[in-house]
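Per-entry structural report
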Amino acid sequence: GWVAVHGNNVDWSVVGPLYASGICWTLIYDTLYAHQDKADDAKLGLKSTALTFGEDGTKPVLTALTGAAWGCWMLAGQNVGFGDVLDAPLYYGGVSAAAAHLLWQVYTADLNNVENLAHRFRSNNTVGWMVFAS
């Protein structure tokens, strides 16, 4: 996408935060997904993020990752030249809505309910559309 629009001149002040936000977002949805299989992971000796963060650490870590993803999206908007929030309310509002949706996923996740976690995992297509539409 970036090269098609801007040529080979990659602005890492924009692309870097977008890439970092993608890593944060992936860790969020993948960790929620991993909690569905944590018993099997433990039996097999796998080191999933669900086991690494644990029952008590998952939600605080995912909350921090949501804040980091949101901050990276906001920084990318600033660095691309969108200006202040009031200058580009659709972008900043859209990525803020995506972050709010991620927080909903984290805070309403029942880390021991497979159906609850599967629903939150699948709802990440909503996050993607929110960011894309922004």
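Note: the structure precedes this text.
Our subject in this report is the structure included herewith. (Residues numbered from 1 in each chain as written. Predicted model: local features only at pLDDT ≥ 70, side-chain atom pairs only at ≥ 80, totals over all residues. Heavy atoms only, no water.)

Details of the pattern of salt bridges
Counted according to the given criterion, the structure contains one salt bridge. Where K38 meets E55, a salt bridge forms, and the shortest distance between an N and an O atom there is 2.4 Å. Of this pair, K38 sits in helix α3 (residues 38-44) while E55 sits in helix α4 (residues 49-80); the two residues are 17 residues apart in sequence, bridging distant segments of the chain. Looking at K38, the relative accessible area reads 13%, which means it is buried. Overall, E55 belongs to the partly exposed group, its relative accessible area being 41%. (Salt bridge = Lys/Arg side-chain N within 4 Å of Asp/Glu carboxyl O. Helix = DSSP H or I, 4+ residues; strand = E, 2+ residues; numbered from the N terminus. Buried < 20%, exposed > 50% of the residue type's maximum accessible area, 1.4 Å probe, protein only.)

Here we look at the environment of K59
Structurally, the position occupied by K59 is in helix α4. Owing to a relative accessible area of 25%, K59 belongs among the partly exposed residues under this scheme. Along the sequence, K59 and S134 sit 75 residues apart, while their C-alpha atoms lie 26 Å from each other. In this structure, K59 is in contact with V106, Y107, A109 and L111, ignoring residues within four places of it in sequence. (Contact = heavy atoms within 4.5 Å.)

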